[in-house]
Amino acid sequence: MFISTAALADSTGEPRAGDRAPTATEIINGLYAFSRFQQGLLESTDLKGNAEVKNLAALRAEEAAKRDKTLKEIQETIGAEPRVGKTTATASLADPDDSDGPAYIRTFYAAQISEYGSAIALLERYVKAPDNAALAAFARAQLQTLRSQIKDAERTIADK
């Protein structure tokens, strides 16, 4: 879903295609996909989660809705046309059989860490060479928030 951040060169010394900075449209697509992931977490916790993960998923889904609202305004201003895709958050969290057990909770946080890492990597690549000032400012603000949230998830999973 997201392009790797590995900065490798081919035998000619030229940067590979994955090294280029993402465009505004790619950032918008990536952030909308991340929001769909967070909505998927909320749906999954409705079926399988305990109070802790349900509350966190609801908070993250609310944050995603706010992010999407701001992102939509930027999208309309710059005329970007994002693609709509599906996320696999619900499928990746449907595996554990113990709905309130530690296996589900670890899976919940591990899925977050993975998706947060991908979103952070995408935004980091964008802010190095942005093609839109408003989106770059938004991306920088999101980076601060997402870095804080991934640290929280990493601390929580370490405690579980």
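That block above? That's the structure.
Okay, so let's go over this structure. Small disclaimer: the values here were computed from a predicted structure and weren't measured.

**Points about the overall build of the chain**
Along the backbone of the chain there are 5 helices and 0 strands. For the chain, the succession of helices and strands along the chain, N to C, is α-α-α-α-α. The buried share of the chain, reckoned over its 160 residues, is 40%. As presented, the chain carries roughly 8,600 Å² of accessible surface, and 52% of it is formed by carbon and sulfur atoms.

**Focus on the environment of Gln112**
Position of Gln112 among the secondary structure elements: in helix 4 (residues 102–128). Residue classification places Gln112 among the buried positions, given a relative accessible area of 2%. The sequence separation of Gln112 and Phe34 amounts to 78 residues, and the corresponding C-alpha distance is 9.8 Å. In this structure Gln112 touches Phe37, Leu41, Leu56 and Ala153, once residues within four positions along its chain are discounted.

**A closer look at the packing of aromatic side chains**
As enumerated under the stated definition, the model contains 4 aromatic pairs in all. Seen from their ring centres, Phe34 and Phe37 are 6.2 Å apart, and the 20 degrees between their planes marks the pair as stacked. With Phe34 and Phe37 both in helix 1 (residues 24–48) and 3 residues apart, the pair spans about one turn of that helix. Exposure remark for Phe34: the relative accessible area of 0% places this residue in the buried category. On the basis of an interplanar angle of 85 degrees and a centroid distance of 4.9 Å, the ring pair of Phe34 and Tyr116 is categorised as edge-to-face. Here Tyr116 lies in helix 4 and Phe34 lies in helix 1, a separation of 82 residues in the sequence. Relative accessible area serves as the criterion here: at 1%, Tyr116 is assigned to the buried category. Here a set of aromatic residues connected by ring pairs shows up, and it is made of Phe34, Phe37 and Tyr116.

Rules of the game
Residues numbered from 1 in each chain as written. Predicted model: local features only at pLDDT ≥ 70, side-chain atom pairs only at ≥ 80, totals over all residues. Heavy atoms only, no water. Helix = DSSP H or I, 4+ residues; strand = E, 2+ residues; numbered from the N terminus. Buried < 20%, exposed > 50% of the residue type's maximum accessible area, 1.4 Å probe, protein only. Areas by Shrake-Rupley, 256 points an atom, 1.4 Å probe, with all protein chains shown as cover. Contact = heavy atoms within 4.5 Å. Phe/Tyr/Trp six-rings, centres within 6.5 Å; stacked < 30°, edge-to-face > 60°.

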